[in-house]
Amino acid sequence: MASTLPDPCPDTDGAAAPPAQRPAARIEAHGIDHIPDAERHGRARELFSVWAAANVNYLSLVVGGALILMGLTLWQAFAVLVVGNLFWTLTGLLAVSGPAAGAPSEVVTRALYGVIGNRVNNAVTGWMISVCYFALNLSAAAVAAFSLVEKVGITATTPVKVIVIIAIAALTLTISVYGHGVIMRLYLPITLALAAAFAFVAVVVIQHADFTYVPEHPLTGTDLWATVLAGITLIASGPLSYTTSADFSRYLPRTTPKRAVLGWTALGGFLPSMVVCSLGMLAATAVDMTEPQSALETILPAWFTPVFLLALVLGTIAINALTAYSAGLALQAVGLRIRRSVSVLFDGTAAVALTLYGLLASSFLDTVSNVLQLTVVLLGPSTAIYATDIILRRAHYDGPSLTDETPGSPFWYRAGVNWVGACALSAGAALSALCVNTLYYTGPLATALDGVDVALPVGMVVSAVVYAVGMRRAVGVRA
């Protein structure tokens, strides 16, 4: 079991940045290793632009429009959107572990699952799901880019589509390879540019929106509750996918106030997601959002359409750069002894292959909806366990000890596995799978509940309770 670890630092009212900061133009040297205090810099408020830039994107428009297409009224959809986006609070909580440990989430989670057990966790909930999200977002950017290519007079044939997808992936991976320094400096101007573009979109959408919208056949009873819960799951899948939020906070000084890390991370995800998803919902009351991009082009001025398309591509590059960055760290944490830059390129190759399949051999909108709903079977329990561990330990982590992968490590547990964490994740995921209801799969409990999908709350509550009960004595007051 984990030994009792000392409090690495007391909270302070602020965080003083060291005089020297690593130039952003250099490729980041650190991977999953511990960040020494001398290399810590920045303030928590810088996290806002990182998460804001990542959430002004095409996928958010798609998800917002999907809530209306599912049969909800405008105000029902808005309520669902608020509840779903409150899960960004958990993303913020997980980010607190970054400055505390000076390590990315992929390493911090050794405290949850053990050194060996965490390799399995990173392979599945870290690398595999990250690559799937990379592919989904790359697909979204590619759809917008195809239209942009058509507008300049080039027919979007299959070879052209392949070239476009590879080009977008290359731009994305360049940011990811250069790493943390470039991300922190580049994402503020990206946020401002995207905010300006989407502010114009908002003006146009509001002019066309029907604020009294009610579907022709309003949902009632079980059908309504089933749709509401499915919608919340759809929205919550976004913040729940960032179980790696400590990756972007770990360079902050360890004295950075925890509430500031939590607040700026959560706010950076919550506000833009609310705004952009709301635009998708409002647009769906005026146009058919089955094909969101082409639908919005019918109400936007012709001169603005290329700007809008470029904004969609830029926003998706921003979110995918974060995803690829974390996926690269996950691949290292699995045990592959390769440089982070090489692991990022490997992730990009896998994501491009999935994207080509998703766009050329499948329905994009159906794929988005069902993949996002299925991933919460793992992401919900995984997030709940991570959050519970942070609360139990009061966010006190010994970074150097976490990087120790030998049998003498305090996080080796038994045979390299923390069986409490493994059992909590397995129990939560198993029960969640019994409750899920998607196009591809419906669990027996969801069938018994007439299609109501309670996979998200069931999985999270069960995992959190099992983990808290099993680890309470082992952790003690702090670990």
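What this report covers is the structure whose coordinates are included nearby. (Residues numbered from 1 in each chain as written. Predicted model: local features only at pLDDT ≥ 70, side-chain atom pairs only at ≥ 80, totals over all residues. Heavy atoms only, no water.)

Along its length, the chain carries 20 helices and 0 strands. Against the 2.2 N^0.38 benchmark of 23 Å for 479 residues, the chain shows a C-alpha radius of gyration of 22 Å, consistent with a compact globule. If you line up the chain on its principal axes, its C-alpha atoms span 60 × 55 × 45 Å. Looking at the chain as a whole, 59% of its 479 residues are labelled buried. For the chain, contacts bridging at least 24 residues in sequence account for 87% of all contacts bridging at least 6. When the accessible surface of the chain is totalled, it reaches about 18,000 Å², and 68% of it is carbon and sulfur. Averaging the coordinates of the 23 positive side-chain charges in the chain and doing the same for the 25 negative ones gives two points 13 Å apart. (Helix = DSSP H or I, 4+ residues; strand = E, 2+ residues; numbered from the N terminus. Rg over C-alpha atoms; globule rule 2.2 N^0.38 Å. Buried < 20%, exposed > 50% of the residue type's maximum accessible area, 1.4 Å probe, protein only. Contact = heavy atoms within 4.5 Å. Areas by Shrake-Rupley, 256 points an atom, 1.4 Å probe, with all protein chains shown as cover. Lys, Arg positive; Asp, Glu negative; His and termini not counted. Charge placed at Lys NZ, Arg CZ, Asp CG, Glu CD.)

Under the criterion given, the structure shown has 13 aromatic pairs. On the numbers, 5.6 Å between centres and 80 degrees between planes, the contact of Trp-303 with Phe-304 is edge-to-face. On the accessibility criterion, Trp-303 (59% relative accessible area) is exposed. Ring-pair connections join several aromatic residues into one group, and the members of that group are Trp-51, Trp-88, Tyr-242, Phe-248 and Tyr-325. (Phe/Tyr/Trp six-rings, centres within 6.5 Å; stacked < 30°, edge-to-face > 60°.)

If you walk through the whole model with that rule in mind, you get 8 salt bridges. Note that Arg-340 is salt-bridged to Glu-28, the shortest N-O span being 3.9 Å. Of this pair, Arg-340 sits in helix α15 (residues 340–360) while Glu-28 sits in the segment before α1 (46–55), placing them 312 residues apart in sequence. In this structure, the salt-bridge partner of Glu-405 is Arg-337, at a minimum N-O distance of 3.4 Å. Note that Glu-405 is positioned in the loop between α17 (399–402) and α18 (419–435) and Arg-337 in the loop between α14 (305–334) and α15, a separation of 68 residues in sequence. Residue Arg-337 is classed as exposed on the basis of its relative accessible area, which comes to 61%. (Salt bridge = Lys/Arg side-chain N within 4 Å of Asp/Glu carboxyl O.)

Interaxial distance between helix α2 (residues 58–69) and helix α12 (residues 258–284) falls to 7 Å at its minimum, and their mutual angle equals 45 degrees. In terms of orientation, α2 and α12 fall into the oblique class. In this structure, α2 crosses over α12, and the sense of that crossing is right-handed. Across the interface between the two elements, Ser-60, Leu-61, Gly-64, Gly-65, Leu-67 and Ile-68 from α2 touch Val-276, Cys-277, Leu-279, Gly-280, Met-281 and Ala-284 from α12. Residues of the contact of α2 with α12, tallied by class, amount to 8 nonpolar, 4 polar and no charged. (Axes fitted to C-alpha atoms, helices over the stretch in contact; angles between N-to-C directions. Parallel < 35°, antiparallel > 145°, perpendicular 65-115°, else oblique. Left-handed = near helix turned anticlockwise from the far one by under 90°. Nonpolar A, V, L, I, M, F, W, Y, C, P; charged D, E, K, R; others polar.)

With 8 of 10 residues buried, α1 is to be regarded as a mostly interior element. Three or more residues of α1 are buried, namely Leu-47, Ser-49, Val-50, Trp-51, Ala-52, Ala-53, Ala-54 and Asn-55. Tucked inside the fold, the buried residues of α1 contact α2, α4 (88–95), α10 (180–208), α12 and α14.

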